[in-house]
Amino acid sequence: MAKGKLVVIDGLDGSGKSTQSALLVEQMAKCNSRGARLISFPDYESPSAALVKMYLAGEFGSSAGEVNAYAASSFYAVDRYASYRQHWEKDYKSGKDILANRYTTSNMIHQMGKLPQNEWDSFRKWVKEYEYGKLGLPEPDQVLFLDIDPSLSARLLAARYHGDESLKDIHEADLKYQLHCRESALYAAEQEGWKVISCSENGEILPIEEVARRCTKAVGLD
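Rules of the game
- Residues numbered from 1 in each chain as written.
- Predicted model: local features only at pLDDT ≥ 70, side-chain atom pairs only at ≥ 80, totals over all residues.
- Heavy atoms only, no water.
- Helix = DSSP H or I, 4+ residues; strand = E, 2+ residues; numbered from the N terminus.
- Expected span 1.5 Å × (residues − 1).
- Buried < 20%, exposed > 50% of the residue type's maximum accessible area, 1.4 Å probe, protein only.
- Arc of directions from axis to C-beta.
- Contact = heavy atoms within 4.5 Å.
- Pairing = 2+ DSSP bridges.
- Salt bridge = Lys/Arg side-chain N within 4 Å of Asp/Glu carboxyl O.
- Axes fitted to C-alpha atoms, helices over the stretch in contact; angles between N-to-C directions.
- Parallel < 35°, antiparallel > 145°, perpendicular 65-115°, else oblique.
- Left-handed = near helix turned anticlockwise from the far one by under 90°.
- Nonpolar A, V, L, I, M, F, W, Y, C, P; charged D, E, K, R; others polar.
- 1 Å grid on protein atoms, 1.4 Å probe; cavity = no way out; pocket = protein on both sides within 12 Å on 5 of 7 lines; lining within 4 Å.
- Points joined across faces, edges and corners; volume = space filled by probe spheres on them.

1. Some points on helix 1 (residues 17-30)
One turn of the α-helix equals 3.6 residues, which is why residues spaced by three or four share an orientation.
Reasoning step 1: If you check helix 1, its first and last C-alpha atoms are 20 Å apart, about what 14 residues at 1.5 Å a residue would give, namely 20 Å.
Reasoning step 2: Residues of helix 1 that are buried include every one of K17, Q20, S21, L24, V25 and M28, and no others. With its buried residues spanning 130° around the axis, helix 1 presents them on a single face.
Reasoning step 3: Its buried side turned inward, helix 1 meets strand 1 (6-11), strand 2 (36-40), strand 3 (97-101), strand 4 (142-147) and helix 8 (208-218).

Below, the structure is given as C-alpha cells:
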C-alpha cells in the first residue's frame, strides 16, 4: 500500500502555524479517501519532549545562543522519533496523509542560525542525514514556510500572552534571535525548495482567510 503524503507547515514563533495547520488539514482530508491527520511538534504532552521543555525554559542556558545547535537539534529529533513510532507511523504507512505543524525543518529554522553562515550547508546535510537517514523519519513531500516579519509576530505573541513577558520561552523572548531565524529560514527555503507563504503586506498581518487561501493553493488543493 502506498504511503500517505507528508506536508509540513513551519515558520517563526507567532506566525500562525497552528491556525493554518488546522485549516489545511481539513482540506487535505477531503482529498484522500483514507483521510488526513494533524500532528504537532514539540509533543509537549509526551515524556519525549522533556529535554525540549528544559531547553526552552532556559535550564541549559538563559538564551538560545548558549545552547549548542547540534545538541538542541537532538532534543527535538528524539521527540519526533518517539511521536512517529508511537502515534502516526501506522497511519502514514497505510496511506493517510499527514500534516505536521513543525518538523525536522524547524531545526534548520531555529538552530542553523546559531552557526556561522559558512557552516549552514553542512548543518542542513547533517540534519537530513540524522533524522531521515539514521532515525528513519519520513522526509516531507512538501514544506510551507509561513513568512512574517519578526516585529509583527512579536505583536501576535504579546497578544497571546496578554503582555506577560515572563510566559515567553527563550526563543520567543529574543527578537534578535527571531531575526536570525528568519534569515536562516529563508536560506533553507531557497536551498530545500520550500514554498514561502507571505503572511503580511505593507507592514500589516494578512487576514487568516487569505493566508489559508495561499496555503491551499500552494499544495494544489484550490
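Structure shown, so let's carry the discussion forward.
2. Things to note about the pairing of strand 1
Reasoning step 1: With respect to burial, strand 1 is a largely interior element, six of its six residues being buried.
Reasoning step 2: Residues L6, V8 and D10 of strand 1 are buried on one face, and the alternating residues V7, I9 and G11, pointing to the opposite face, are buried as well.
Reasoning step 3: Bridge count for strand 1 against strand 3 is four bridges, and the pairing is parallel. The residue bridging V8 from the neighbouring strand is A100, located in strand 3.

3. Side note on the pattern of salt bridges
Reasoning step 1: Tallying each qualifying case throughout the model produces twelve salt bridges.
Reasoning step 2: R85 is paired through a salt bridge with E89; the nearest N and O atoms lie 2.8 Å apart. With R85 and E89 both in helix 3 (residues 69-93), this residue pair falls four residues apart, about one helical turn.
Reasoning step 3: Owing to a relative accessible area of 49%, R85 belongs among the partly exposed residues under this scheme.
Reasoning step 4: E89 sits in the buried class, given a relative accessible area of 15%.
Reasoning step 5: Notably, a salt bridge pairs D121 with R124, separated by 2.8 Å at the nearest N-O pair. Taken together, the residues span about one helical turn, with D121 and R124 both in helix 5 (residues 120-134) at a distance of three residues.
Reasoning step 6: The network of salt bridges with common partners includes D121, R124, K128 and E192.

4. Examining the packing of helix 3 against helix 5
Reasoning step 1: At a minimum axis separation of 11 Å, helix 3 and helix 5 run at an interaxial angle of 30°. Taken together, helix 3 and helix 5 sit at an angle that is classed as roughly parallel. The interaxial crossing formed by helix 3 with helix 5 has right-handed handedness. Each of A69, Y70, S73, S74, A77 and R80 in helix 3 lies in contact with helix 5, whose residues at this interface are F123, W126, Y130 and E131.
Reasoning step 2: Partitioned by chemical class, the residues of the contact of helix 3 with helix 5 number six nonpolar, two polar and two charged.

5. Some points on the side chain of S106
Reasoning step 1: Within the fold, S106 resides in helix 4 (residues 105-110).
Reasoning step 2: By relative accessible area, S106 is classed as buried at 8%.

6. So, the layout of surface pockets
Reasoning step 1: Reported here for the second largest pocket is a volume of approximately 160 Å³.
Reasoning step 2: If you trace the second largest pocket, you find it lined by T105, M108, K128, Y132, E139, P140, D141, Q142, V143, E192, G193 and W194.
Reasoning step 3: The set of elements that each furnish at least two residues to the lining of the second largest pocket consists of helix 4, helix 5 and strand 4.
Reasoning step 4: For the lining of the second largest pocket, a count of residues per class yields five nonpolar, three polar and four charged.

7. Quick look at the packing of helix 1 against helix 8
Reasoning step 1: Running from N to C, helix 1 and helix 8 point in directions that differ by 50°, and their axes come no closer than 10 Å. Between helix 1 and helix 8, the interaxial angle falls into the category oblique. For the crossing formed where helix 1 meets helix 8, the hand is right-handed. In this structure, helix 1 uses T19, Q20, L23, L24 and Q27 to contact helix 8, whose residues at the interface are I208, V211, A212, C215 and T216.
Reasoning step 2: The class makeup of the residues in the contact of helix 1 with helix 8 is six nonpolar, four polar and no charged.

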